[in-house]
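Next come the chains, spelled out residue by residue.
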Amino acid sequence: RSVLSSSDIQIVKKVTEAILNHPIAKKILEGAIFERSFYLGSYMQGKAPLRARPDAYREDGIMIDLKSALDASKEGFIRELATRMLHIQTAHYVKTAEPILDIEFTNFLFIAAEKEDPWGVAIYDLAYEDIIYAKELHDRMITKYMVEKSEMRKGYPIEIQTITLPAWARNI
């Protein structure tokens, strides 16, 4: 666990205030369900259980991620989205929550809030086709991980094995 410094606490307060003072962000967050944990044990026939805790979601098919940013401009946030692979995080949240809630999340909103004065706030809706692409990429990444994980276990016995020096090593 990390403890926030008093200056970090002030930043959190300012960012929160900026979000709640933004008329559209405030409306989006009204009635949202915050920080619910999801566990999907049956994903890929139970071989890859998923856990997720999105910031918020609404029962009308909108999932919401709150992001602090140094640059919440459209260009800056798109760069952040790609660099930090936030679309994969999006897919992970959506794929974990959808079967549990029986809700299709057709909108994934990022509420980006700058963590410096003037505390700008912008709202971005990840294009639906990018959500679909991210879901496919997420599946490929999990499949690749599962293959690599199983290959690491292949070929070696689990038990302790006795070994002996080879003959050439005894003739020194």
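Here's a quick rundown of the structure. Treat the numbers as computed from the prediction; the structure is a model and nothing was measured.

About the criteria used
- Residues numbered from 1 in each chain as written.
- Predicted model: local features only at pLDDT ≥ 70, side-chain atom pairs only at ≥ 80, totals over all residues.
- Heavy atoms only, no water.
- Phe/Tyr/Trp six-rings, centres within 6.5 Å; stacked < 30°, edge-to-face > 60°.
- Helix = DSSP H or I, 4+ residues; strand = E, 2+ residues; numbered from the N terminus.
- Buried < 20%, exposed > 50% of the residue type's maximum accessible area, 1.4 Å probe, protein only.
- Expected span 1.5 Å × (residues − 1).
- Contact = heavy atoms within 4.5 Å.
- Core = buried A, V, L, I, M, F, W, Y, C linked by side-chain atoms within 4.5 Å.
- Patch = residues over 30% accessible without salt bridge, like charges linked within 9 Å, V, L, I, M, F, W, Y side chains within 5 Å.
- Areas by Shrake-Rupley, 256 points an atom, 1.4 Å probe, with all protein chains shown as cover.
- Salt bridge = Lys/Arg side-chain N within 4 Å of Asp/Glu carboxyl O.

Side note on the packing of aromatic side chains
No. 1: Following the criterion strictly, the structure yields 5 aromatic pairs and no others.
No. 2: A centroid spacing of 5.2 Å and a plane angle of 55° characterise the contact between Phe-77 and Phe-110, whose relative ring orientation is tilted. Here Phe-77, found in helix α3 (residues 74-83), pairs with Phe-110, found in strand β6 (residues 107-114); they are 33 residues apart in sequence, far enough to count as distant. Just as Phe-77 is buried, Phe-110 falls in that class too.
No. 3: Their ring planes at 15° and their centres at 5.3 Å tell us that Phe-77 and Tyr-124 sit as a pair that is stacked.

Quick look at helix α1 (residues 6-21)
Residues three or four positions apart in an α-helix share a direction because the helix packs 3.6 residues into each turn.
No. 1: Counted at 1.5 Å a residue, the expected span for α1 with its 16 residues is 22 Å, and the 22 Å between its end C-alpha atoms agrees.
No. 2: Check the buried side of α1 and you find it contacts α2 (23-29), β5 (62-69), β6 and β7 (121-126).

Brief notes about the nonpolar core
No. 1: Among the nonpolar cores identified, the biggest contains 21 residues, and Met-63, Leu-101, Phe-105, Phe-108 and Phe-110 are the most heavily contacted of them.
No. 2: Listed by contribution, the elements that provide at least two residues to this core are α3, α4 (86-101), β6 and β7.
No. 3: Not counting the four nearest positions on each side in its chain, Phe-105 is found in contact with Tyr-57, Arg-58, Gly-61, Ile-62, Met-63, Val-94, Ala-97, Glu-98 and Tyr-128.

Re a nonpolar patch on the surface
No. 1: Together, Leu-4, Ile-9 and Val-12 give the surface a local cluster of nonpolar side chains, amounting to about 230 Å² of exposed area.
No. 2: Relative to the helices and strands, Ile-9 is located in helix α1.
No. 3: Owing to a relative accessible area of 34%, Ile-9 belongs among the partly exposed residues under this scheme.

Concerning the side chain of Thr-96
No. 1: Along the chain, Thr-96 falls in helix α4.
No. 2: By relative accessible area, which is 0% here, Thr-96 ends up buried.
No. 3: Setting aside residues no more than four positions away along its own chain, Thr-96 makes contact with Phe-38, Leu-40, Leu-50, Arg-51 and Ala-52.

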